[in-house]
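Reading the structure
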Amino acid sequence: MAILAQRLSSRIERGATRVVVHPSRIKIYTGNGNLKQVFPSGRLKHTFDASHGVRSQADYMELLGAFYAVMGTPYDGLLWRDWADYIATAANTTVTDLGGGSYQLARVYSFGGVDFVRNITRPVNDGTLAVQDAGGSALTATVDYSGGTFTVASGTPATWSGYFDVPVTFTDNEWRARLEVSTQNLHLVNESI
């Protein structure tokens, strides 16, 4: 997936509505009323409705420009900061050993003693990313910021800290908006984006 390494303005991202869904979850109720869940395939899908963050003509034009860039060029998407979940700390991360000295950055979501591990593929290259061993000591890491993988010079990595973005694309193949005009203001109203 060729991602344009550019984020939208934080004012657009912060106003977005966030939805996380499992695309193939099936709930089966047994004869005695017990619930059994089946997850045939797929992984959790994150969507963001950016239309709520559009507050000005400049915001509208920025989002429209992003749509044209993704739909009319070789790029498949762009970067997005999920302001509800973008900070990686030693307490909420882990790394996955990929073999051959390579590791994958991952975010851990915990509840009731159960952990869900989500690979992070777009860490932010702003100089804050740090990899630590199990004792909390910093390790020297060489990071691939376009895939979230890394190698270390020595030691065994266990956690990491820094910031991360999410690669996103537009869910629809069309752009819908309407123009509302009053004597006081020009309003561009987006459908869900």
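So, here is what we can say about the structure in this document. All figures in this text were calculated on a predicted structure; none of them were measured in a lab.

What to know about helix α2 (residues 57–72)
For α2, with 16 residues, the first-to-last C-alpha span of 22 Å sits near the 22 Å given by 1.5 Å per residue. Among the residues making up α2, those that are buried are D59, Y60, L63, L64, A66, F67 and V70. Angularly, the buried residues of α2 cover 155° about the axis, an arc narrow enough to put them on a single face. Opposite the buried face of α2, by more than 90 degrees, sit the exposed residues Y68 and G72.

Let's talk about the sheet that holds strand β15 (residues 157–163)
Strand order in the open sheet formed by four strands is β7-β15-β11-β12, with antiparallel pairing between adjacent strands. Strands at the two margins of the open sheet, each flanked by one partner only, are β7 (87–88) and β12 (138–139). Here strand β11 (residues 130–133) runs beside β12; their pairing, made up of two bridges, is antiparallel. Each bridged residue has a counterpart across the sheet, and for Q132 the counterpart in β12 is A138.

Here's the deal with the pairing of strand β3 (residues 26–29)
Pairing analysis gives four bridges linking β3 to strand β4 (residues 35–38), with the strands arranged antiparallel. Across the sheet, the residue bridging to Y29 is L35, located in β4. Where β3 hands over to β4, the hairpin turn is made up of five residues, of which G33 adopts a positive phi near 90°.

Some thoughts on a nonpolar patch on the surface
On the surface, V20, L44 and F116 cluster together into a nonpolar patch covering about 230 Å² of accessible area. Tracing the chain through its elements places V20 in strand β2 (residues 17–21). V20 sits in the partly exposed class, given a relative accessible area of 38%.

Thoughts on the sheet that holds strand β6 (residues 77–80)
Strands sit in the order β1-β6-β16 across an open sheet of three strands; the sheet is mixed. Two strands close off the open sheet at either side, each with one partner strand: β1 (3–7) and β16 (166–168). For this sheet, the mean inter-axis angle between neighbouring strands, taken without regard to orientation, is 35°. Pairing of β6 with β16 involves three bridges; the strand directions are antiparallel. Across the sheet, the residue bridging to W80 is V166, located in β16.

Digging into the nonpolar core
For soluble globular proteins, nonpolar side chains are generally found buried alongside one another. The biggest cluster of nonpolar side chains holds 16 residues, and the ones touching the most others in it are L8, L63, L78, W80, V168 and F170. At the level of secondary structure, the elements contributing two or more residues to this core comprise α2, β6 and β16. Here the element with the most residues in this core is α2; it accounts for six residues. If you look at the next biggest cluster of nonpolar residues, it comprises 13 residues, including L129, V131, L139 and W160.

Let's talk about the pattern of salt bridges
What the rule picks out here adds up to 10 salt bridges. As a salt-bridge pair, R7 and D165 come within 3.8 Å of each other at their nearest N and O atoms. Note that R7 is positioned in strand β1 and D165 in the loop between β15 and β16, a separation of 158 residues in sequence. Salt-bridge contacts for D85 lead to R118; the nearest nitrogen and oxygen are separated by 3.5 Å. Note that D85 is positioned in the loop between β6 and β7 and R118 in strand β10 (residues 114–119), a separation of 33 residues in sequence. Across the pair, R118 and D85 agree in class, each one buried. Linked by salt bridges that have partners in common, R18, D82, D85, R107 and R118 make up one network.

Thresholds applied
Numbering of residues starts from 1 in each chain and follows the order in which that chain's sequence is written. A pLDDT threshold of at least 70 governs which residues receive local features in this predicted model, and a stricter bar of 80 or more applies before side-chain atom pairs are shown or counted, although totals over entire chains, interfaces and linings include all residues. Based on all heavy atoms of the structure, the side-chain values leave hydrogens and waters out of the count. The helix count covers DSSP runs of H or I at least four residues long, the strand count covers runs of E at least two residues long, and both are numbered beginning at the N terminus. Here the expected span of a helix is defined as 1.5 Å times the quantity of residues minus one. Exposure categories follow from relative accessible area, calculated using a 1.4 Å probe and restricted to protein chains: below 20% of the type maximum is buried, above 50% is exposed, and the middle band is partly exposed. Within this analysis, the arc is defined by the directions that extend from the helix axis to the C-beta atoms. When DSSP finds two or more bridges between a pair of strands, those strands are recorded as paired. What goes into a patch is any residue over 30% in relative accessible area without a salt bridge, connected to like charges within 9 Å or, for nonpolar side chains (Val, Leu, Ile, Met, Phe, Trp, Tyr), within 5 Å. Note on areas: Shrake-Rupley with a 1.4 Å probe; residue coverage comes only from the protein chains shown. A carboxyl oxygen of Asp or Glu within 4 Å of a side-chain nitrogen of Lys or Arg is what we treat as a salt bridge. Inter-axis angles, ranging from 0 to 180 degrees, are taken between N-to-C directions of lines fitted to C-alpha atoms, where helices are fitted over the stretch in contact. Only buried residues count toward a nonpolar core, which is a set of Ala, Val, Leu, Ile, Met, Phe, Trp, Tyr and Cys residues joined through side-chain atoms within 4.5 Å.

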